Amino acid sequence: KGDISGLELDLLKRQMSAVNLQLNLLRDASTKLKKAILLQNGRSVGEKLFVTHHRELNYEAAKVICANAGGSIASPRNAAENNAIKEIIVQTEKVAFLGINDLRTEGDFRYPSGEEIGYSNWASKEPNNEKGIEDCVEMPSSGKWNDRSCGDKRLVICEF
Ligand code: GMH
Ligand code: CA
């Protein structure tokens, strides 16, 4: 009792190689899917995948679209992620919304989760909260951020 018999060891080995085979098939399938998605709709950076829905919607609608798809609105956490989003914007020739906003407290920009932002890439003189109604953030082809009204319609880019 406690020792593994030769038969049990044999069974375990066969099970391990079956699992390895399935793992390889899964890896191949996921690599293929990723290539197909990236071709027209997105960019990958590190573990993150940024994918556009190709439509322009207000912030709330964009948030719902991304959440329903199992993701969230694109929120760059570093220069590499910012650049990946910028590339989608250049490719689609549209201006996108980021998930970052100061809806809760004016001037205190946060991720949709409520966490404080640890990276920013504001255009010069931004955020300016023009007319006192700019609580969302848009990214044009420069990759630089501008605060903008959440009611405006911008390209939806989600992150997964
Ligand atoms: C003002 C000016 C512009 C700036 C816009 C923008 C609106 O109109 O300061 O230069 O681009 O605001 O911040 O969101
Ligand atoms: Ca602004």
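Residues numbered from 1 in each chain as written. Chains lettered and ligands numbered in written order. Predicted model: local features only at pLDDT ≥ 70, side-chain atom pairs only at ≥ 80, totals over all residues. Heavy atoms only, no water.

Engineer: When you look at the overall build of the chain in this model, what are you seeing that I'm missing?
Structural biologist: Along its length, the chain carries 3 helices and 7 strands. Taken from N to C terminus, the helices and strands of the chain fall in the order α-β-β-α-β-α-β-β-β-β. Here the chain, with 160 residues, has 34% of them falling under the buried criterion. The contacts in the chain between residues at least 6 apart in sequence include a share of 65% that link residues at least 24 apart. Of the roughly 9900 Å² that the chain leaves accessible, carbon and sulfur atoms contribute 53%. With 22 positive and 23 negative side-chain charges, the chain shows a spacing of 6 Å between the two charge centroids. (Helix = DSSP H or I, 4+ residues; strand = E, 2+ residues; numbered from the N terminus. Buried < 20%, exposed > 50% of the residue type's maximum accessible area, 1.4 Å probe, protein only. Contact = heavy atoms within 4.5 Å. Areas by Shrake-Rupley, 256 points an atom, 1.4 Å probe, with all protein chains shown as cover. Lys, Arg positive; Asp, Glu negative; His and termini not counted. Charge placed at Lys NZ, Arg CZ, Asp CG, Glu CD.)

Engineer: Would you mind going over the state of the cysteines with me for this structure?
Structural biologist: Put plainly, two cysteines are in a disulfide when a covalent bond ties their sulfur atoms together. Here the structure, examined in full by the defined rule, presents 2 disulfides. Disulfide pairing is shown between Cys66 and Cys158; the S-S distance is 2.0 Å. In this structure, the disulfide formed by Cys66 and Cys158 twists by about -80° around the S-S bond and is classed as left-handed. With Cys66 in helix α2 (residues 59-68) and Cys158 in strand β7 (residues 154-159), this pair connects stretches of sequence that are 92 residues apart. Per residue, the accessibility class of Cys66 equals that of Cys158, and both read buried. (Disulfide = S-S within 2.5 Å.)

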